[in-house]
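Descriptive structure summary
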Amino acid sequence: MTRHLSIALCAALVLCCHTTLLPAEESFGVKLFRPDSLVGWQHAGAEPAGWTMAKGVLSGTADSTLLLSGFAFGDFELRWQWSVSEAGAWKLSLPEAPSGSGLAIALREGDDGGRLTDGDTQLSPGGTIERKPEGRHTALLRRAGGTLELVVDDRRLWEVDIEPQRRFGLGLAVAAGEGEWADLRLAEPAGEPIFNGADLTGWWTPGDLSKWRVEDGQIVRTERAGDYLRTEKEYGNFTVSLEYQMRKGTNSGLGLRTPRNGWPSSDGMELQMLDRPGLGKGGHMSIYGNLPPVAIADQSEQWNRLVVKAEGYMITAWENGELVQHYNTEHHPELRHRNLRGWLGFQDHGNWTRFRNIRLLEAPEGTGLDAWRQPPPKQAARVIDRVMNPWLLAEDDGITSGTVSRSIASEEPGEHVLAELTGPGAVVRIAQIEPEGTLAFYFDGEEAPRIEANADAVHKALPEMSEYENPIITCLTYAESLRIVLRDARRADCRIDYVTFPADYCTPSFTGRGTELPRGWTDSLVYRQLKYRHGQYRNPEVLPRVESDTLNLAPGAAEPALSLEGAGIVRYVRLRVGNQRLENDDLWLAVAVDGELEPAVAAPVRYWLAGLAGPKSYHNLVHFTRNGFGMSQAMPFGNGIVFSLRNAGEEPINGVSLEVCLEPAKGDRANEVAAMMRLRGVYRPAGDGGDALARYEGAGRLVALACERSEDAEPGIEQLRIDGQAQDGWAAANLDLLMGRPGEFQASLSGRTEGMAWRYFWLAPVRFRNALELTAAAESLGGRLALFYVGPCQKGREPLADESVTP
């Protein structure tokens, strides 16, 4: 009876065309190895070490680290080839999901080959595996319901009973000597059809369903309906398999885990389907906008087989059996916020597409193996994470920042050292005025530069984080040192902002354009700016949005708009009001936290939203404009937060309201939020506060500065003093390099237009322990607002003598 069940399972396996006990074949299952990397096997916590992967053959020794895959399954069949040195052994582990040691198989040559244990209990002593000095052994491991069997070299070593409800991960290690492992393939049961081949029962679209039809057992898009064809049912963990065909150059997509009225590329995920070459963030098999594929394996204009596996935060895709996409999205700065349950669907992009043989195997709820959820090692890419998730700026992560500025004027072209930096660190911003000559970057004391490019085109050689050429935002990492040299230039005006990491951060030096950074992180940053360009902000349904009543404010009136209790983080604030309120100081927004009577920040809304002073739609990382004016400067609070609006003008302000996106915090998360710094601000109206652009006593970080521009002349910077010490690189005749460049412009984190100038220091926040003072080279200044993250225990501090916190 058990044997018959095993054969029945094998016949149903995804892509499995053979049920006999044979070596892995080209037609069987999906490949679990990439031929050139360990993608899919990097989930044991630390980075794998001691392994080589060449042409699909994995080689390791007893000194190699454990490899833990990102795959988990119930019923399955694995096939592979393996070899060991004399007295060598492999350990194939099947850790229990979500936790537990699970099963282990010792693969060695000799009398006890294939020994099976369940924790400390032996389930089978194994059997004899003959020595094979040349070539590799073949193996098959099949689990069907309550039975698990192992076959080596076409000989069954054992068949044991096992609880059918158990679910396992997959790990590999060399237990002794040396070993090789090759052609590892997996098949799972295909599951149930979710398309009946006859009509669209079980599918819907908010568009026009008549634009889709069923023809010869295929879903066919006929005319553009402008939306996704979606399943009525929502799915969490699953393996879905299908076949698709597209015409050359056409575009579609597979929507995954999207809320009913959401959009995959914003709220769920879109696995891009594009019959064009390319591996970019919008290329075929990318998670659109956020994660390039590791490979493409489609056959243009042919029927292609696609398998997608989703388990918790782990997403994997295979095309025609090849592993083309894999990521633990919990460790991605954007995708970690996406839904873990939702509809599946096909995108209507106005192109000819067909889908057939759509089957889905549902898996139990959960997030897979607990081991997958271990925090990753600290890494330099945190500077990107902080920009994508600004509440991380409120954590004291030990990262410090610095600035180098150079002004050069000579009669003849020459060579000039612009910066000599000590690692571990990263250059995160370069601002230049009329760049000329060649920039060369020397890493870690090397004699030859790893980067050499024209100064006006150097952005093309650095990790890309923005479409803007100046100022450049990037993450150019160096482990030991970085020397930046300008050659063949008569003049130069530049400012270089950098960060320095604590010693326990993994900070590899630049080896290629973004290759030392996690895959997809810079792409996600660029895509965020595109979304903000269109006024959008991801609104995950997993987080509540809270809206105020619509207020009508008489002159001089101040009213609380929203009051939230408990602990949490306000992810964004959206103000619904007319454009004209961003042109003067009449409407004020005040925020009080943790039960304090005085606001932590109070200022006219045009300073809060300085980046929207000019044209409202542009690529940036802070502001968005759909359904109101939004700002994503995060606001942690431990004991309530209150938003109030005030009319400081002489005319009524009617029809104004607020919306916030809230991450409520409970339990351990509440404790984490309680320890975060709080957002506090210092606003000074025009003519008040002397020469201070920003000033604060206490410990924290300067994260933003918005200034009203004078009609006569913009002030220069006299100096920045941190904890009483003057800082290099800040003194300047004007604000050009601080903001990014001369004239009016809008960029990712800074700009100057319509009487306002602003800079968000999210890439390089200015850290201070006792006090910060940024002074201008001018006697009278326009209005200005400085935003800080400061310790949660600093409420009620005494402001400096000339400081004005409230209107």
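How each quantity is defined
Residues numbered from 1 in each chain as written. Predicted model: local features only at pLDDT ≥ 70, side-chain atom pairs only at ≥ 80, totals over all residues. Heavy atoms only, no water. Helix = DSSP H or I, 4+ residues; strand = E, 2+ residues; numbered from the N terminus. Buried < 20%, exposed > 50% of the residue type's maximum accessible area, 1.4 Å probe, protein only. Contact = heavy atoms within 4.5 Å. Pairing = 2+ DSSP bridges. Phe/Tyr/Trp six-rings, centres within 6.5 Å; stacked < 30°, edge-to-face > 60°. Axes fitted to C-alpha atoms, helices over the stretch in contact; angles between N-to-C directions. Core = buried A, V, L, I, M, F, W, Y, C linked by side-chain atoms within 4.5 Å. 1 Å grid on protein atoms, 1.4 Å probe; cavity = no way out; pocket = protein on both sides within 12 Å on 5 of 7 lines; lining within 4 Å. Points joined across faces, edges and corners; volume = space filled by probe spheres on them. Lys, Arg positive; Asp, Glu negative; His and termini not counted. Salt bridge = Lys/Arg side-chain N within 4 Å of Asp/Glu carboxyl O. pLDDT = per-residue confidence, 0-100. Expected span 1.5 Å × (residues − 1). Polar contact = N/O pair within 3.5 Å; in protein donor to acceptor, adjacent residues only side chain to side chain. Disulfide = S-S within 2.5 Å.

For the protein, the count of helices and strands is 6 helices and 57 strands. Each principal axis of the C-alpha atoms in the protein carries an extent, and together these give about 90 × 65 × 50 Å. Classification of the 807 residues of the protein by burial places 60% in the buried group. Sequence separation of at least 24 residues holds for 74% of the intrachain contacts in the protein that already meet a minimum separation of 6.

Glancing now at the sheet that holds strand β48 (residues 692-697). The strand order across the open sheet built from 4 strands is β48-β56-β50-β51, with neighbouring strands paired in antiparallel fashion. Where the open sheet ends on each side, the last strands, each with one partner, are β48 and β51 (725-726). As paired elements, β48 and strand β56 (residues 771-777) share 5 bridges and run antiparallel to each other. Its bridge partner lying in β56, E697 is registered against A771.

Under the definition given, this model contains 24 aromatic pairs. With 5.0 Å between their ring centres and 80 degrees between their planes, Y228 and W263 make a pair best called edge-to-face. A residue pair is termed long-range when its members are at least 10 positions apart, and Y228 in strand β21 (residues 228-231) and W263 in the loop between β23 (251-258) and β24 (269-274) qualify at 35 residues. The class of W263 is partly exposed, set by a relative accessible area of 31%. Ring geometry for F346 versus F355: centroids 3.8 Å apart, planes at 15 degrees, classification stacked.

Attention now goes to the sheet that holds strand β38 (residues 558-564). Within a sheet, neighbouring strands are paired by backbone hydrogen bonds and run either parallel or antiparallel to one another. Strand order in the open sheet made by the 4 strands is β38-β45-β40-β41, with antiparallel pairing throughout. Of all the strands in the sheet, the pair left with one neighbour each is β38 and β41 (601-604). Looking at each pair of strands side by side, their axes are set apart by 15 degrees on average, direction ignored. Pairing analysis gives 6 bridges linking β38 to strand β45 (residues 641-647), with the strands arranged antiparallel. When the sheet's bridge partners are listed, L562 is paired in β45 with F643.

Turning our attention to the pairing of strand β10 (residues 121-124). Where strand β9 (residues 115-118) and β10 come together, 3 bridges link them in antiparallel fashion. Following the sheet pairing, D118 is matched in β10 by T121. With antiparallel pairing between neighbouring strands as the criterion, β9 and β10 make up a hairpin whose turn holds 2 residues, including G119 at a positive phi of roughly 65 degrees.

A separate point is the nonpolar core. Residues I219, V570, W608, M635, F643, L645 and F788 are the most contacted members of the largest nonpolar core, which totals 149 residues. Contact partners of V570, with chain neighbours within four places excluded, come to L564, Q633, A634, M635, F637, I641, F643, V660, C661 and L662. Ranked by size, the runner-up nonpolar core spans 44 residues in total, among them W51, W90, L103 and A139.

Roughly 1,200 Å³ of volume is contained in the largest pocket. Surrounding the largest pocket, 40 residues form its lining, E47, Y327, L517, P518 and R519 being those nearest its centre. Mapped by element, the contributors of at least two residues to the lining of the largest pocket are β27 (322-328) and α3 (521-533). Among the elements that make up the lining of the largest pocket, the one with the highest residue count is α3 (4 residues).

In this section: unusual backbone geometry. Following A97, the chain continues to P98 via a peptide bond in cis, the omega torsion being 5 degrees. Within the fold, P98 resides in the loop between β6 (89-94) and β7 (103-108). For the bond running from G423 to P424, omega is 0 degrees, close enough to zero to count as cis. For P424, the position within the fold is in the loop between β30 (400-422) and β31 (425-433).

Positionally, K531 belongs in helix α3. Despite its burial, K531 pairs with no opposite charge; the closest candidate is D267, at 7.8 Å N-O. Other than its neighbours up to four places away in sequence, K531 contacts S265, S266 and Q536.

Residue-level pLDDT values for the protein average 92, and 94% of them are 70 or greater. Across residues 1-24, confidence stays below pLDDT 50; counting only partners more than four residues off in sequence or on other chains, it has 65 contacts. Predicted confidence is poor over residues 795-807, with pLDDT under 50, and the contacts of this stretch with residues over four places away or in other chains come to 31 contacts.

Over its 13 residues, α3 runs 19 Å from end to end, which matches the ideal 18 Å to within 8%, given 1.5 Å per residue. Burial of α3 is extensive: 11 of the 13 residues sit out of reach of the surface. Residues of α3 that are buried include every one of W521, T522, D523, S524, L525, V526, Y527, R528, Q529, K531 and Y532, and no others. For α3, the elements touching its buried residues are β27, α2 (382-388) and β42 (623-624). Looking one or two residues beyond α3, the residue adopting positive phi is G535, at roughly 80 degrees.

Turning next to the pairing of strand β16 (residues 178-187). Among the 10 residues that make up β16, 7 are buried, leaving the element largely enclosed by the rest of the structure. Examined bridge by bridge, strand β1 (residues 30-31) and β16 share 2 bridges and lie antiparallel to one another. What sits directly across from K31, in β16, is R185. Strand direction decides the pairing type here: strand β3 (residues 57-61) and β16, joined by 5 bridges, are antiparallel.

The tally for this structure, following the rule as stated, stands at 59 salt bridges. Across the salt bridge formed by E322 and R34, the nearest N and O atoms sit 3.8 Å from each other. Of this pair, E322 sits in strand β27 while R34 is found in the loop between β1 and β2 (52-54), placing the two residues 288 residues apart along the sequence. For R34, a relative accessible area of 11% corresponds to the buried category.

Below, the discussion takes up the side chain of T258. Take T258: it is sitting in strand β23. A polar side-chain atom of T258 sits 3.1 Å from the main-chain carbonyl oxygen of L256. Ignoring sequence-local partners within four residues, the contact set of T258 consists of E234, W263, P264, G268, M269, R341, G342 and W343.

To continue, consider the state of the cysteines. Inspection of every chain in the model, using the stated rule, returns 0 disulfides. Cysteine C494 shares no disulfide, and the gap to the nearest cysteine sulfur, in C475, comes to 19 Å. Given the relative accessible area of 5%, C494 is considered buried. As a non-bridged cysteine, C506 has C475 as the owner of its nearest cysteine sulfur, 12 Å distant.

Counting through the fold element by element, G755 comes out in the loop between β53 (750-753) and β54 (756-760). For the pair G755 and I496, spaced 259 residues apart in sequence, the C-alpha separation works out to 26 Å. In contact with G755, other than residues within four places in its own chain, are C707, E708 and R709.

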